[in-house]
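Here are the chains, one letter per residue:
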Amino acid sequence: MATDSPTPPHRDVAVLVPAAGRGVRLGGPTPKALRDLAGEPLLVHCCRNLAAAPSVGLIVVAAPADAVEQVRALVPRAIVVPGGEHRQESVARALAAVPENFQIILVHDAARALAPPPLIEAVAQAVRDGHDAVIPGLPVVDTIKQVAPDDQVVATVDRSQLRAVQTPQGFRRSLLIKAHRAATDAHTDDAGLVERMGVPVHTVPGHPHALKITTPWDLVVAEAILRAG
Ligand code: C5P
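Residues numbered from 1 in each chain as written. Predicted model: local features only at pLDDT ≥ 70, side-chain atom pairs only at ≥ 80, totals over all residues. Heavy atoms only, no water.

Visitor: Help me understand unusual backbone geometry in this model?
Guide: Negative phi is the rule for most residues except glycine; trans is the rule for most peptide bonds. Cis geometry marks the peptide bond from Thr-167 to Pro-168; its omega dihedral reads 10 degrees. Position of Pro-168 among the secondary structure elements: in the loop between strand E10 (163-165) and strand E11 (169-172). Positive phi, normally seen in glycine, also occurs at Arg-11, with a value near 45 degrees. Along the chain, the position of Arg-11 falls in the segment before strand E1 (13-18). At Ala-38, a position not held by glycine, the phi torsion is positive, near 50 degrees. Tracing the sequence through the fold places Ala-38 in the loop between strand E2 (36-37) and strand E3 (40-41). By relative accessible area, Ala-38 is classed as partly exposed at 48%. (Helix = DSSP H or I, 4+ residues; strand = E, 2+ residues; numbered from the N terminus. Buried < 20%, exposed > 50% of the residue type's maximum accessible area, 1.4 Å probe, protein only.)

Visitor: Would you mind going over the site of the ligand with me for this structure?
Guide: Taken together, 15 residues lie around the ligand, and Pro-18, Ala-20, Gly-21, Gly-84 and Ser-90 are the ones closest in. Within the contact set of the ligand, an oxygen atom lies 3.0 Å away from a side-chain nitrogen or oxygen of Lys-212. Protein contacts shield 84% of the accessible area of the ligand, which totals 470 Å² for the unbound molecule. Because more than half of its atoms lie within 2 Å of the grid, the ligand is assigned to the largest pocket. Split by residue class, the shell around the ligand holds five nonpolar, four polar and six charged. (Near = heavy atom within 4 Å. Polar contact = N/O pair within 3.5 Å; in protein donor to acceptor, adjacent residues only side chain to side chain. Areas by Shrake-Rupley, 256 points an atom, 1.4 Å probe, with all protein chains shown as cover. 1 Å grid on protein atoms, 1.4 Å probe; cavity = no way out; pocket = protein on both sides within 12 Å on 5 of 7 lines; lining within 4 Å. Sits in = over half its atoms within 2 Å of the grid points. Nonpolar A, V, L, I, M, F, W, Y, C, P; charged D, E, K, R; others polar.)

Visitor: Before we go on, may I ask you to explain the pattern of salt bridges in this structure?
Guide: Side-chain pairing between opposite charges can occur once the charged atoms of the two side chains come close. Evaluation of the coordinates by the stated rule reveals eight salt bridges. Of the charged contacts in the structure, one is a salt bridge between Arg-93 and Glu-89, with a shortest N-O distance of 3.2 Å. Of this pair, Arg-93 and Glu-89 both sit in helix H3 (residues 87-95), four residues apart, which is roughly one turn of the helix. The network of salt bridges with common partners includes Arg-87, Asp-109 and Asp-190. (Salt bridge = Lys/Arg side-chain N within 4 Å of Asp/Glu carboxyl O.)

Visitor: Explain the nonpolar core here, please?
Guide: Inside soluble globular proteins, nonpolar side chains tend to come together where they are buried. By size, the foremost hydrophobic cluster in this structure holds 41 residues, and its most contacted members are Val-17, Leu-43, Ile-59, Val-61, Val-71, Val-75 and Leu-106. For this core, the secondary structure elements donating two or more residues are E1, helix H1 (42-51), strand E4 (56-63), helix H2 (68-74), strand E6 (104-107), helix H4 (117-128) and helix H7 (216-228). Leave out the neighbours within four places in its chain, and Val-71 touches Leu-34, Leu-43, Val-61, Ala-63, Pro-64 and Val-80. Within the second largest apolar cluster, 20 residues are counted, among which are Leu-58, Ala-62, Val-81 and Val-194. (Core = buried A, V, L, I, M, F, W, Y, C linked by side-chain atoms within 4.5 Å. Contact = heavy atoms within 4.5 Å.)

Visitor: Quick question: what am I supposed to make of the pairing of strand E9 (residues 153-157) here?
Guide: Sheet faces and side chains relate simply in a regular strand, where the side chains alternate between the two faces. As paired strands, strand E8 (residues 144-147) and E9 are joined by four bridges and run antiparallel to one another. Within the sheet, the bridge partner assigned to Lys-145 lies in E9 and is Thr-156. In this structure, the hairpin formed by E8 and E9 is closed by a connection of five residues, where Asp-151 is found at a positive phi of approximately 70 degrees. (Pairing = 2+ DSSP bridges.)

Visitor: Looking at this model, I keep getting lost on the side chain of Asp-189. Mind explaining?
Guide: Within the fold, Asp-189 resides in the loop between helix H5 (173-182) and helix H6 (190-196). Despite being buried, Asp-189 has no salt bridge partner; Arg-87 is the closest side chain of opposite charge, sitting 6.7 Å away. Of the polar contacts made by the side chain of Asp-189, one reaches the side chain of Gln-169; its length is 2.9 Å. At 3.0 Å, the side chain of Asp-189 and the backbone nitrogen of Gly-192 are in polar contact. (Lys, Arg positive; Asp, Glu negative; His and termini not counted.)

This is a description of form; function is not addressed.
Given below as structure tokens:
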């Protein structure tokens, strides 16, 4: 029967969640993904938001190697693999665990635990629409200066052309596999690997709630976001 409503997404997206970082900048002995935010570990918030996105059919978590069983108990519906030494290695290990039927793959830092479902959907939809690599980004509000090692300003950068990039980042599966195979040095995000191959990367608007929880102050902000609903 014909209908005016758009075709509903059909859980065709797998999300890789690198969550194996120690969280040194946050302090404390607990790995960052397992740190408490309003009574629950960051990773639980993260996976709940992912599962609430209608496109997401599978979540694969790269856990700290010494906390794999603990993470399995926290997120029983996810596949959990031991993470690697660096973020890129953790992503590669999670990628290897994704069944062939998922052709759209998102990579989402556990540290961006409050990324809302509409952002996750927007990234997935942009890949579905034909962009093989998609990243969310926010306009930069500060004035940005390039500074030399001697602390002297070299130049003022045109901020209208800049974006502060977030996750989830979305990819056509074959491209993400190729990018990780071709990687020769460490990148802080997966789109960086794709850029290195000369493949276009598309941006969509980011969301302030997708902030990367890095410092104790970020936890305060995240709690305020949750309180505000
Ligand atoms: O260290 P950074 O904050 O850039 O880490 C970004 C994300 O990558 C975090 O969610 C962290 O848990 C993850 N990570 C990982 N494996 C590592 C290092 C970081 O999964 N070895």
